[in-house]
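Okay, here's what each chain looks like letter by letter:
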Amino acid sequence: MWTATILSPSHPSTDSPVDLGFFFDPFSVPFMARALTTVLVLAVASGIVGVFINLRNLEFISDGLVHAVFPGLVVGFVASGTDGLLPGALVAGVLAALLLTVASRRGVGSDAAIAVVLAGSFSIGIVIVSRETNYVSQLEQLLFGGVLTVTPSQLTQIIIVGVVAVVLVVITWRRQLFLALDPVGSRAAGYRSLPTEIVLNCAIALLVVAGSQALGNLLVLALLVVPVAIARLLVRRLMLLAPLAIISAALAGWLGLVTSFHASISYGITASPGSLIVIILITLYAVALLGHLLVERIRTARRAVPHTCFEHTGQHPVLDLDQDVSARRRWSARFRRAV
Amino acid sequence: MTEISTDSAAIDLRHASFSYGGAPQLSDVTARIERGEAVALVGPNGSGKSTLLKGILGLVDVVDGEITVLGGSPREALRRVGYLAQLSEVDREFPISLRQVVTMGRYRSLGPFGWPGRRERELVDAAITRVGLAPHAHRRFGELSGGQQQRALLARALTVEPEILLLDEPFNGLDRANRSALLDTLNSLRAEGVTIVTSTHDLELAREVCTRAMLLNRTLIAFGSVEETLKLPLVERTFEGTVAHVDGHNIIPVPPEHG
């Protein structure tokens, strides 16, 4: 993926104790700067849209959308190369968002419906792309993306699509929140749920479309799901979820690009930056999970203190056992939600 | 309150049938609920209690007959009706504070971006105080007990200053303290003339809160004063011999032929 000729590494002097140039210099190269911008735009969009993927447990629907976008990418690509990616994906994404919204409302085997869409659209996409000559490398490009080869016009497209996704969620924020907390209550309050669901699913589809070009169709799911899952482990305030998710996604994106750059320059290792970004994101998640588990441990230990009080008052310790069990149950529910 | 508009009942059902699509879930209900009344909906699981509540909200289609709420269609009346859903229908791990949950009750009038002004904040605070949760206002919703969450949702329903309050099994799974707190709130609302319609398994509570009771089992079995309707023969007919036991109350009698 790296071509050594493009790079004229201006390795800074190692005089300063902290060599910040290591982290910032790579982005003096235009395509690296574009890659960073792309990643930051995607971080912001996924941090905001992802909040409701998490709160509404839409991870599987998102996966369905991701795969449904694939044939769109392929058709667009076959029709007019890189410039066709976005229109193709856009059409497929919005169509799939509408279909999946209706399917999931019917409730009848909605998981099965998603799985059918997922497998079906993926195979259609592969059939189409395999008719092309040289299809393996094109397939690789579509599946794993090319954040380093994002052109200026592609970047503009990504920004526009990302902004639309964010705007859709922000203007429907309150009804999304109400629907996520309790669907019946929100309808009783006079909110219609169908438009709310369509808007959210379209926003997710748009994010998939924007992200697919940079991270590839296979890895974009990580961007939709993981940043907010990290935030959910760290805080319990709604208003902090999006900022924290954005920070973790941006951090992973930036570190991924830097790592990939230096791995290539210094060690000649060609590492796909998209994959590195996802690996770093997952690492951040693992760290957050560990921290979360530690904090829960300490909390449970503190909660166990009344144990002795009960014994003094002569109450049966069974009470505490119950408390412990319910705490554990609550924890595991939270864990499942976070995952 | 009762005298403000003289002839429109709070809820008027005339041979109304409700369906989610397919066969009616509840058919042929005729009843007139006056303003300021408190009515208990009693019946076994699947008897149509929740369906009737959702029908009054306009969330379930009326496939036959007619329903008017506060003199108009259910959708028109929606903003004057408060609704407390079953707790099982709510995401109980939601990462927001109790106060934020209650503020959601004002979202419809605030619109998508309107910032809660003084009046809004006062309404929210008053509702939280009313259900007795003022000391917990800033705690996380997920940290509250089930009973407290139930009361928080009631506070949310009260922020719309409802003329009719609909409650779906509000006493399910409540401990003694929460139960009496909820009872106090409901009784004080009744004293102010709010019309209350609540579904319940619990005949004791129906007697304590309500003036009238509606016995349902896929259709209307009986509707009348609590004393007249909550009698053994009618209750037996409603529950068709199914044994219902709720929160340790031994309420529903087992008919002799089964026992």
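- Per an unreviewed UniProt entry, chain B goes by Manganese/iron transport system ATP-binding protein and derives from Klugiella xanthotipulae.
- For the record of chain B, the UniProt heading Sequence similarities (unreviewed entry) holds the text "Belongs to the ABC transporter superfamily."

- Per an unreviewed UniProt entry, the recorded name for chain A is Manganese/iron transport system permease protein, and the organism is Klugiella xanthotipulae.
- Per UniProt, chain A has the following entry under Sequence similarities (unreviewed entry): "Belongs to the ABC-3 integral membrane protein family."

## Focus on the layout of surface pockets
In step 1: Considering only enclosed or pocket space, the largest pocket measures out at about 540 Å³ in volume.
In step 2: Looking at the largest pocket, it is lined by 19 residues, and the ones nearest its centre are A:Arg174, A:Met239, B:Gln100, B:Tyr107 and B:Trp115.
In step 3: Secondary structure elements with two or more residues in the lining of the largest pocket: α7 (173-181) and α11 (238-267) of chain A together with α3 (98-103), α4 (107-110) and α5 (118-130) of chain B.
In step 4: By residue class, the composition of the lining of the largest pocket is eleven nonpolar, two polar and six charged.
In step 5: Computed from the structure, the second largest pocket encloses a volume of approximately 450 Å³.
In step 6: Contributing to the lining of the second largest pocket are 16 residues, with A:Arg105, A:Arg187, B:Leu59, B:Val60 and B:Asp61 lying nearest its centre.
In step 7: Looking at the lining of the second largest pocket, its residues break down into six nonpolar, four polar and six charged.

## Some thoughts on the packing of aromatic side chains
Residue and element names in this part refer to chain A.
In step 1: Inspection of the entire model under this criterion finds six aromatic pairs over all chains.
In step 2: Arranged with centres 5.9 Å apart and planes meeting at 65°, the rings of Phe178 and Tyr191 form a pair that is edge-to-face. Pair noted here: Phe178 is in helix α7 and Tyr191 is in the loop between α8 (183-188) and α9 (193-215), with a separation of 13 residues, a long-range link. No difference in accessibility class separates Phe178 from Tyr191, as the two residues are buried.
In step 3: Taken together, the aromatic side chains of Phe23, Phe24 and Trp254 make up a single cluster linked through ring pairs.

## Points about the interface of chain B and chain A
In step 1: Opposite the 29 residues of chain B that make contact, chain A presents 27 residues.
In step 2: Counting each side, the surface lost to burial between chain B and chain A is near 2,700 Å², with a carbon and sulfur contribution of 58%.
In step 3: Along the contact surface separating chain B from chain A lie two salt bridges.
In step 4: Between A:Arg236 and B:Glu143 there is a salt bridge whose closest N-O contact spans 3.2 Å.
In step 5: Joining chain B to chain A, the criterion identifies ten residue pairs in polar contact (both at pLDDT 80 or more).
In step 6: Elements with a minimum of two residues in the side of chain B that touches chain A: α1 (49-57) and α4 of chain B.

Conventions we followed
- Residues numbered from 1 in each chain as written.
- Chains lettered and ligands numbered in written order.
- Predicted model: local features only at pLDDT ≥ 70, side-chain atom pairs only at ≥ 80, totals over all residues.
- Heavy atoms only, no water.
- UniProt positions renumbered as here; feature names shortened; annotations may be inferred.
- 1 Å grid on protein atoms, 1.4 Å probe; cavity = no way out; pocket = protein on both sides within 12 Å on 5 of 7 lines; lining within 4 Å.
- Points joined across faces, edges and corners; volume = space filled by probe spheres on them.
- Helix = DSSP H or I, 4+ residues; strand = E, 2+ residues; numbered from the N terminus.
- Nonpolar A, V, L, I, M, F, W, Y, C, P; charged D, E, K, R; others polar.
- Phe/Tyr/Trp six-rings, centres within 6.5 Å; stacked < 30°, edge-to-face > 60°.
- Buried < 20%, exposed > 50% of the residue type's maximum accessible area, 1.4 Å probe, protein only.
- Contact = heavy atoms within 4.5 Å.
- Buried area = accessible area lost by both parts, 1.4 Å probe.
- Salt bridge = Lys/Arg side-chain N within 4 Å of Asp/Glu carboxyl O.
- Polar contact = N/O pair within 3.5 Å; in protein donor to acceptor, adjacent residues only side chain to side chain.

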